[in-house]
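One letter stands for each residue in the lines below.
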Amino acid sequence: MTYCSRCGKELAPEAYFCPNCGVRTEGGVRAGVNYPGVEDLRQTFNRVGEEMEKAFSTVGSELREAFKTTSQNVKEAYYGEPITCPQCGDKNTRDASYCRKCGKKL
Ligand SMILES: [Zn+2]
Ligand SMILES: [Zn+2]
């Protein structure tokens, strides 16, 4: 997990800007902000989720159900009513004050 160097907020690993204060993250610096074809956060999340589900497929069904429910709750909490950036169209989480991809104030 990475944290904003300015405000200390937890950052998604692929976030290029802090959703709280708008500062560019290390990842944003490394990738270059206008890097095209950046993978969507949702896809990344789904892929990670699938891999975790695969990993969990070896455990009992009860645990698997618990994981599915948790995973769903996390997704809903994270993606519920996303804010669409007026500048680049990227979907940001509800608590975001700045676009995580282009840094525009939301
Ligand atoms: Zn910040
Ligand atoms: Zn944007």
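Our structure is the block above this text.
Residues numbered from 1 in each chain as written. Chains lettered and ligands numbered in written order. Predicted model: local features only at pLDDT ≥ 70, side-chain atom pairs only at ≥ 80, totals over all residues. Heavy atoms only, no water.

1. Concerning the overall build of the chain
Per the secondary structure count, the chain includes three helices and four strands. For the chain, the N- to C-terminal ordering of α and β elements is β-β-α-α-α-β-β. Buried positions account for 28% of the 106 residues belonging to the chain. Taking the contacts inside the chain whose residues are at least 6 apart along the sequence as the reference set, 28% of them involve residues at least 24 apart. Put simply, the chain shows about 7,000 Å² of open surface, and 51% of that area lies on carbon and sulfur atoms. (Helix = DSSP H or I, 4+ residues; strand = E, 2+ residues; numbered from the N terminus. Buried < 20%, exposed > 50% of the residue type's maximum accessible area, 1.4 Å probe, protein only. Contact = heavy atoms within 4.5 Å. Areas by Shrake-Rupley, 256 points an atom, 1.4 Å probe, with all protein chains shown as cover.)

2. Concerning the coordination of the zinc ion (ligand 1)
Taken together, the protein donors to the zinc ion (ligand 1) comprise Cys4 (SG), Cys7 (SG), Cys18 (SG) and Cys21 (SG), at separations of 2.2 to 2.3 Å. Relative to the metal, the four donor atoms surrounding the zinc ion (ligand 1) lie at angles of 103 to 119°, and the coordination shape comes out tetrahedral. Considered as a linear motif, the donors of the zinc ion (ligand 1) on their single chain read C-x2-C-x10-C-x2-C. Of this pair, Cys7 sits in the loop between β1 (2-3) and β2 (10-11) while Cys18 sits in the loop between β2 and α1 (26-31), and the two are eleven residues apart along the sequence. Note on Cys7: relative accessible area 36%, which makes it partly exposed. What makes Cys18 buried here is its relative accessible area of 0%. (Donors = N, O, S within 2.8 Å, 3.2 Å for Na, K, Ca; no water. Tetrahedral: all angles 85-135°; square planar, octahedral: opposite > 155°, others 65-115°.)

3. What to know about the coordination of the zinc ion (ligand 2)
Coordination of the zinc ion (ligand 2) by the protein involves Cys85 (SG), Cys88 (SG), Cys99 (SG) and Cys102 (SG), with metal-donor separations of 2.3 Å. Around the zinc ion (ligand 2) sit four donor atoms, and with donor-metal-donor angles ranging over 102 to 118° the site reads as tetrahedral. Mapped onto the polypeptide sequence, the residues donating to the zinc ion (ligand 2) form the spacing pattern C-x2-C-x10-C-x2-C. Linking Cys85 in the loop between β3 (83-84) and β4 (91-92) with Cys102 in the segment after β4, this pair joins segments that are 17 residues apart in sequence. A relative accessible area of 3% means that Cys85 is categorised as buried. We classify Cys102 as partly exposed; its relative accessible area is 22%.

4. Some points on the nonpolar core
Within the largest apolar cluster, five residues are counted, these being Cys4, Leu11, Cys18, Cys21 and Val23. Val23 has contacts with Cys4, Arg6, Tyr16, Phe17 and Cys18, leaving out every residue within four places of it along the chain. (Core = buried A, V, L, I, M, F, W, Y, C linked by side-chain atoms within 4.5 Å.)

5. As for the layout of surface pockets
Here the second largest pocket is characterised by a volume of approximately 250 Å³. Together, 15 residues line the second largest pocket, and Thr2, Thr25, Glu26, Gly27 and Arg30 are the ones closest to its centre. Of all the secondary-structure elements, those providing two or more residues to the lining of the second largest pocket are β1 and α1. Among the elements that line the lining of the second largest pocket, the one with the most residues is α1, at three residues. Class assignment for the residues of the lining of the second largest pocket results in seven nonpolar, four polar and four charged. (1 Å grid on protein atoms, 1.4 Å probe; cavity = no way out; pocket = protein on both sides within 12 Å on 5 of 7 lines; lining within 4 Å. Points joined across faces, edges and corners; volume = space filled by probe spheres on them. Nonpolar A, V, L, I, M, F, W, Y, C, P; charged D, E, K, R; others polar.)

Shape descriptors only; they carry no functional weight alone.
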